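For reference, the chains in residue letters:
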Amino acid sequence: MAEMTETADTDFRHAQRHIRLDTILRLRWLAVLGQLAAIFIVAQGLEFNVEIVPCVSIIALSAALNLALQTVSNPLQRLKPMQAAGLLALNIVELAALLFFTGGLQNPFSFLFLAPVLISATALPARLTFGLGLLAVACASVLFFFHLPLPWDSDDPLVLPPIYLIGIWLSIVLAIGVTSLYSFQVTEEARKLADALAATELVLTREQHLTQLDGLAAAAAHELGTPLATIFLISRELEKTVKDPSFAADLKTLREQTQRCRDILSKITQLSSEGAPFDRMKMSELIEEVVAPHRDFGVDIKVRIAVAAFAEPIGSRNPAILYGVGNIIENAVDFARSTVEVNAWWNKDTIELVISDDGPGIPPDILNRIGEPYLSRRRNLDDGGGERRGLGLGVFIARTLLERTGAKVSFTNRTFPEHGAVVHINWPRERFETIETLEETIG
């Protein structure tokens, strides 16, 4: 179970981020059209004096690059992060060049420095977004000192005080920093959740395949039974009629091996039949099955089943419950100093399972967030038992699987002066006893 969780962590957590070239090109074409429209309106509509030749030249170079990229490369290809960052950096430089000829920071379009950095924050790694942010701030800083006059009415020139320009520069810097950080955080959390849910579905699929092997074995035993019976009968009849001792011995071996195959298939059929002993299990049997693999790790696991006036609940041997409870017990054993306690009790309406350990407990800074994907703090046995940040998919998957079976899962710490983590799992008894298959859990 631990190995499966680690595999899911590695596969989903470290997936590279890619942007399609077509997405970048669409944004660049939109910028080209917007810049041309702005120059036309200012020069023709407002009749301001604009440096048309250099501005149109910059826009033409940008359009030529777009055409070259569309011709040489497949627009549907996914760019590597560095390639996408390079194109976004080019957008920043092109905008800075246009602003140089149109008033610098006095130009209201100077806030468009924010756009490439925001795009990077939602799709590229943090280090590349940080680099693009620094580039945008550097361009804005240069434009504060070096730029041509803002296109305006020559009879009534616009002169902005330096303190106002400093405010514009500061607002651009803050907008780049704050909005990019917020966008990156929101996108990263959404990406984590999507990856973790994908890992959960992978675990569910694997568990479902295991449960389907049972039915496949029964079907194979049924289909092979008839031809084996025919081979057995023919070999027995031939054994009676053949006089040659060597042929008779071979036929006897064939009959015995055929009978052996029939016996094996008979056992498989018995194990796979409906109503087999382990298709449904009592609560105490479920607990023992998930606890047993963790008894040999130097931690004492104490199981207590409370005596109740009501009959012990019996539910299906559901892989989602076995995996979820087993993962929580595995974490308890991993963090415990010496003892893990598993307590269970029930009444006519509810079933409650409490798993606790005597370890350090759940740190206060993550107590309210425990169960989120990629959030854990696990001991590193290789460096003397210190702490390291884990990916935390195990607890997330366990909680997701259990909640899909109708359980409510909560995490707390023991009351001082005791120490350790406590996990409460509650099922409505009717829901627990009517869960039939993993397919119902997935649905």
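Residues numbered from 1 in each chain as written. Predicted model: local features only at pLDDT ≥ 70, side-chain atom pairs only at ≥ 80, totals over all residues. Heavy atoms only, no water.

An unreviewed UniProt entry annotates the protein chain as histidine kinase of Bradyrhizobium japonicum. According to its UniProt record, the protein chain has this under Subcellular location (unreviewed entry): "Cell membrane". According to its UniProt record, the protein chain has this under Catalytic activity (unreviewed entry): "ATP + protein L-histidine = ADP + protein N-phospho-L-histidine." (UniProt positions renumbered as here; feature names shortened; annotations may be inferred.)

Asker: Explanation requested: the layout of surface pockets in the structure shown.
Answerer: In this approach a probe as big as a water molecule rolls over the atoms, and the regions it shows empty are the leftover space. The calculated volume of the second largest pocket comes to roughly 790 Å³. Taken together, 32 residues line the second largest pocket, and the ones lying closest to its centre are Gln35, Ala38, Leu95, Phe109 and Leu112. Elements with a minimum of two residues in the lining of the second largest pocket: α2 (21–45), α3 (52–72), α4 (81–101) and α5 (114–123). With 9 residues, the top contributor of residues to the lining of the second largest pocket is α2. Considered class by class, the residues forming the lining of the second largest pocket number 24 nonpolar, 6 polar and 2 charged. (1 Å grid on protein atoms, 1.4 Å probe; cavity = no way out; pocket = protein on both sides within 12 Å on 5 of 7 lines; lining within 4 Å. Points joined across faces, edges and corners; volume = space filled by probe spheres on them. Helix = DSSP H or I, 4+ residues; strand = E, 2+ residues; numbered from the N terminus. Nonpolar A, V, L, I, M, F, W, Y, C, P; charged D, E, K, R; others polar.)

Asker: Quick question: what am I supposed to make of the environment of Val422 here?
Answerer: For Val422, the location among the structural elements is in strand β11 (residues 421–428). Taking relative accessible area as the criterion, Val422 reaches 10% and is therefore assigned buried. Considering only alpha carbons, one finds Val422 and Ser356, 66 residues apart in sequence, at a separation of 4.3 Å. (Buried < 20%, exposed > 50% of the residue type's maximum accessible area, 1.4 Å probe, protein only.)

Asker: Any chance you could explain the pattern of salt bridges here in plain terms?
Answerer: It is possible for side chains of opposite charge to pair when their charged atoms get near one another. Taken as a whole and assessed by the stated rule, the structure comprises 7 salt bridges. The salt bridge involving Arg26 is made with Asp22; its shortest N-O contact spans 2.8 Å. Highlighted residues: Arg26 and Asp22, both in helix α2, separated by 4 residues, approximately one helical turn. Linking Glu341 and Arg304 is a salt bridge whose minimum nitrogen-to-oxygen distance equals 3.4 Å. Of this pair, Glu341 sits in strand β6 (residues 339–346) while Arg304 sits in strand β4 (residues 300–305), placing them 37 residues apart in sequence. Among the charged side chains, a network of salt bridges with common partners joins Arg304, Glu341 and Arg414. (Salt bridge = Lys/Arg side-chain N within 4 Å of Asp/Glu carboxyl O.)

Asker: I would appreciate a short explanation of the UniProt feature "transmembrane region" (unreviewed entry) in the protein chain in the present structure.
Answerer: Per the UniProt annotation, the sites labelled "transmembrane region" (unreviewed entry) are residues 27–46, 52–72, 84–102, 108–125, 132–150 and 162–184. Helix makes up 95% of residues 27–46 and strand 0%, with an end-to-end C-alpha separation of 27 Å. Counted over residues 162–184, helix gives 100% and strand 0%. Its end C-alpha atoms are 33 Å apart.

Asker: Would you mind showing me how to read unusual backbone geometry here?
Answerer: What is expected of a backbone is that most residues other than glycine have negative phi and most peptide bonds are trans. Residues Phe416 and Pro417 are joined by a peptide bond in cis, for which omega reads 15°. Mapping Pro417 onto the fold places it in the loop between β10 (408–413) and β11.

Asker: Even after reading the chapter, I still don't get the nonpolar core, so can you show me in this structure?
Answerer: Generally speaking, a soluble globular protein has its nonpolar side chains buried in company with each other. One finds Val325, Val340, Val342, Leu353, Ile355, Ile425 and Trp427 to be the most contacted residues of the largest nonpolar core, which totals 37 residues. For this core, the elements supplying multiple residues, two or more each, are α9 (283–291), α10 (319–335), β6, β7 (350–357), α12 (393–404), β10 and β11. In terms of residue count, the dominant contributor to this core is α10 (7 residues). Setting aside residues up to four positions removed in sequence, Val342 forms contacts with Ile287, Val291, Ile301, Lys302, Val303, Arg304, Ile329, Leu353, Val354 and Ile355. Of all hydrophobic cores here, the second largest spans 32 residues; its members include Ile24, Leu25, Leu95 and Ala136. (Core = buried A, V, L, I, M, F, W, Y, C linked by side-chain atoms within 4.5 Å. Contact = heavy atoms within 4.5 Å.)

Asker: Sorry if this is basic, but what is going on with the packing of α4 against α5 here?
Answerer: Two numbers describe a pair of packed helices, the interaxial angle and the distance between the axes. Between α4 and α5, the least distance of the axes is 9 Å, while the angle of their chain directions is 165°. As judged from the angle between their axes, α4 and α5 are roughly antiparallel. Taken as a pair, α4 and α5 cross one another with a handedness that is left-handed. On α5, the residues that touch Leu88, Asn91 and Ile92 of α4 are Pro116, Val117, Ile119 and Ser120. (Axes fitted to C-alpha atoms, helices over the stretch in contact; angles between N-to-C directions. Parallel < 35°, antiparallel > 145°, perpendicular 65-115°, else oblique. Left-handed = near helix turned anticlockwise from the far one by under 90°.)

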